[in-house]
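Here is what each chain is made of, one letter per residue.
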2 protein chains.
Amino acid sequence: METNAIHQQATQGLEPIISPEALVEHWQGHRRLTRKTIEAFPEDKLFSYSVGGMRPMAGLALEIMDISEDGITGIATGEWKPVAELDHATEKVKFNSKTELLDHWDQITVQINQVWHQIPQQRFQEVDLAFGAYEGKIIDLLLYFIDNEIHHRAQGYVYLRTLGIEPPAFWNRF
Amino acid sequence: METNAIHQQATQGLEPIISPEALVEHWQGHRRLTRKTIEAFPEDKLFSYSVGGMRPMAGLALEIMDISEDGITGIATGEWKPVAELDHATEKVKFNSKTELLDHWDQITVQINQVWHQIPQQRFQEVDLAFGAYEGKIIDLLLYFIDNEIHHRAQGYVYLRTLGIEPPAFWNRF
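As a starting point, this report considers the structure included with it. Remember, predicted model here, so these are calculated numbers, not experimental data.

**Side note on the interface of chain A and chain B**
Next, step 1: Taken together, the contact between chain A and chain B spans 38 residues of the former and 38 residues of the latter.
Next, step 2: Around 3,600 Å² of area is buried between chain A and chain B when both sides are counted, 74% of it from carbon and sulfur atoms.
Next, step 3: The tally of links between chain A and chain B comes to six residue pairs in polar contact (both at pLDDT 80 or more).
Next, step 4: At the level of secondary structure, the elements contributing two or more residues to the side of chain A that touches chain B comprise α1 (3-14), α2 (20-40) and α7 (138-162) of chain A.
Next, step 5: Among the elements that line the side of chain A that touches chain B, the one with the most residues is α7(A), at 13 residues.

Laid out in structure tokens, this is it:
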């Protein structure tokens, strides 16, 4: 029996509970829902409206985009933009319209798909210092990125409800 | 070389990116944060206060507890309580105090830990009909349960902010 065949047979028995392919699809599914949530905001409310003294949805979206864009780069290359230089921290990058913001969102979608398949499988178990500040295993950092997106998007849902706007269905990842 | 040795050698090469042990710890970490969020509410506000016409935090917590409690049972046994009979759907089960609610929360914490190690690894890849209504692979259903908890907890964060109460730090899973 050749090594490859042994490997294949044994790994079929192991059933890893999440594959890299399933995880990126999970992430992109959440990203599609967040995109729909951003879209649901009226143009002016996206940049100005908030509840409880929190950031408007555009500010939350900027943080999510920073973490996705510079996060996937850090995961793939090991080079991280320092947390203090992220766009939502420096406030140097501003989007002037919903379309501009969503265009950037869509560029990140393409970037993630392009970069993902270059990540060696063992990379997910390596410990790194994300954005020069947050130490963790790559897999845990990734889950944190996704969780942080779910967290802030859900706050956008409350903003929409108080505006009398029905948010997109939570189960809709298409 | 014995079968076990072949299996072990090959699986070391595979590096599954999430193990069942890591996933349950991820879930319980989120559950600890949600518990802190519930605790942060003043007793009366927990059951009565909401924003944008949404359910109070106690209602959101009841949904999260149903999904966790009856969800882990369904995953372990294949027997699911129908969605229409879940406590938050029938409204038959009420908690009269924060302590009562948190006591039930803590019972579910113990239950998850007890049941988890009885789940065969291949179960995570099986397709099932959660609560008689939602078809999916067990692993995807589990991620959905966790995501749904993050989503509703984040709405509780907005409630707390509007009450002038600082929510627990999002990164705190201890």
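**A closer look at the environment of B:His117**
Residue and element names in this part refer to chain B.
Next, step 1: Examined against the element boundaries, histidine 117 turns out to sit in the loop between α6 (98-116) and β1 (127-130).
Next, step 2: We classify histidine 117 as exposed; its relative accessible area is 59%.
Next, step 3: For histidine 117 and valine 24, which are 93 residues apart along the polypeptide, the C-alpha to C-alpha distance reads 9.7 Å.

**Let's talk about the layout of surface pockets**
Next, step 1: If you add up the space inside the largest pocket, you get close to 1,300 Å³.
Next, step 2: For the lining of the largest pocket, the elements supplying multiple residues, two or more each, are α4 (57-77), β2 (134-137) and α7 of chain A together with α2 (20-40) and α7 (138-162) of chain B.
Next, step 3: By residue class, the composition of the lining of the largest pocket is 24 nonpolar, twelve polar and eleven charged.
Next, step 4: Of the volumes computed, that of the second largest pocket is approximately 950 Å³.

**What about helix α4 (residues 57-77) of chain B?**
All names here are of chain B.
Next, step 1: The terminal C-alpha atoms of α4, which comprises 21 residues, lie 30 Å apart, in line with the 30 Å expected from a rise of 1.5 Å per residue.
Next, step 2: Summarising burial for α4: 17 of the 21 residues are buried, a large majority.
Next, step 3: Directly after α4, the chain includes glycine 78, whose backbone phi takes a positive value near 80°.

**Focus on the side chain of A:Glu63**
Next, step 1: Within the fold, A:Glu63 resides in helix α4.
Next, step 2: Leave out the neighbours within four places in its chain, and A:Glu63 touches A:Arg55, A:His88, A:Asn148 and A:His152.

**Examining the relation of the copies chain A and chain B**
Next, step 1: Structural alignment of chain A on chain B gives an RMSD of 0.0 Å, achieved by rotating through 180° and translating 0.0 Å along the axis. Such a turn and shift between the copies fits a two-fold axis. Among all C-alpha atoms of chain A, that of A:Pro16 lies closest to the rotation axis, at 2.5 Å.
Next, step 2: Here 100% of the interface residues in chain A have copies in chain B that are interface residues too; the copies meet face to matching face.

**Examining the pattern of salt bridges**
Residue and element names in this part refer to chain A.
Next, step 1: Evaluation of the coordinates by the stated rule reveals 18 salt bridges over all chains.
Next, step 2: The salt bridge involving aspartate 106 is made with arginine 35; its shortest N-O contact spans 2.7 Å. Taken together, the residues span a long stretch of sequence, with aspartate 106 in helix α6 (residues 98-116) and arginine 35 in helix α2 at a distance of 71 residues.
Next, step 3: The partly exposed category is assigned to aspartate 106, whose relative accessible area is 27%.
Next, step 4: One salt bridge in this structure joins glutamate 63 and arginine 55, with 2.8 Å as the shortest N-O distance.
Next, step 5: Accessibility expressed as a relative area gives 10% for glutamate 63, which makes it buried.
Next, step 6: A cluster of three or more residues bridged by salt bridges with shared partners is formed by Arg35, Glu39 and Asp106.

**Looking at empty space enclosed by the protein**
Where empty space is left in the structure can be found by rolling a water-sized probe over the atoms.
Next, step 1: Counted under the stated rule, the structure contains one cavity of 30 Å³ or more.
Next, step 2: Of the voids in this model, the largest cavity is the one considered here, and its volume is about 50 Å³.
Next, step 3: A:His26, A:Leu143, A:Ile146, A:Asp147, B:His26, B:Leu143, B:Ile146 and B:Asp147 together form the lining of the largest cavity.
Next, step 4: Breaking the lining of the largest cavity down by element, the ones donating at least two residues are α7 of chain A together with α7 of chain B.
Next, step 5: Its residues assigned to classes, the lining of the largest cavity shows four nonpolar, two polar and two charged.

**Here's the deal with the environment of B:Leu143**
Next, step 1: Along the polypeptide, B:Leu143 turns up in helix α7.
Next, step 2: Classification of B:Leu143 by relative accessible area gives buried; the value is 8%.
Next, step 3: For B:Leu143 and B:Met57, which are 86 residues apart along the polypeptide, the C-alpha to C-alpha distance reads 21 Å.
Next, step 4: Apart from the residues lying within four places of it in its own chain, the contact partners of B:Leu143 are A:Ile18, A:His26 and B:Leu23.

**Some details on the packing of aromatic side chains**
Next, step 1: Applying the stated criterion to the full structure yields twelve aromatic pairs over all chains.
Next, step 2: Taken together, the ring pairs connect A:Trp27, A:Trp116 and A:Phe124 into an aromatic cluster.
Next, step 3: Above the plane of the ring of A:Trp105 lies A:Arg31, whose end atom (NZ or CZ) is 4.6 Å from the centre.
Next, step 4: Seen from the ring of B:Phe170, B:Arg173 lies directly overhead, with NZ or CZ sitting 4.8 Å from the centre.

**A look at the packing of α2(B) against α7(B)**
Residue and element names in this part refer to chain B.
Next, step 1: With their axes 10 Å apart at the nearest point, α2 and α7 run at an angle of 20° to one another. Classified by the angle their axes make, α2 and α7 are roughly parallel. Seen from above, α2 lies across α7 with left-handed handedness. Together, Leu23, His26, Trp27, His30, Arg31, Leu33, Thr34, Thr37 and Ala40 of α2 and Ile139, Leu142, Leu143, Ile146, Glu149, Ile150, Arg153, Tyr157 and Leu160 of α7 make up the contact between the two elements.
Next, step 2: Residue composition of the contact of α2 with α7, by class: eleven nonpolar, four polar and three charged.

Calculation rules
Residues numbered from 1 in each chain as written. Chains lettered and ligands numbered in written order. Predicted model: local features only at pLDDT ≥ 70, side-chain atom pairs only at ≥ 80, totals over all residues. Heavy atoms only, no water. Contact = heavy atoms within 4.5 Å. Buried area = accessible area lost by both parts, 1.4 Å probe. Polar contact = N/O pair within 3.5 Å; in protein donor to acceptor, adjacent residues only side chain to side chain. Helix = DSSP H or I, 4+ residues; strand = E, 2+ residues; numbered from the N terminus. Buried < 20%, exposed > 50% of the residue type's maximum accessible area, 1.4 Å probe, protein only. 1 Å grid on protein atoms, 1.4 Å probe; cavity = no way out; pocket = protein on both sides within 12 Å on 5 of 7 lines; lining within 4 Å. Points joined across faces, edges and corners; volume = space filled by probe spheres on them. Nonpolar A, V, L, I, M, F, W, Y, C, P; charged D, E, K, R; others polar. Expected span 1.5 Å × (residues − 1). Least-squares fit on C-alpha atoms with pLDDT ≥ 70 in both. Salt bridge = Lys/Arg side-chain N within 4 Å of Asp/Glu carboxyl O. Phe/Tyr/Trp six-rings, centres within 6.5 Å; stacked < 30°, edge-to-face > 60°. Lys NZ or Arg CZ within 6 Å of the ring centre and 35° of its normal. Axes fitted to C-alpha atoms, helices over the stretch in contact; angles between N-to-C directions. Parallel < 35°, antiparallel > 145°, perpendicular 65-115°, else oblique. Left-handed = near helix turned anticlockwise from the far one by under 90°.

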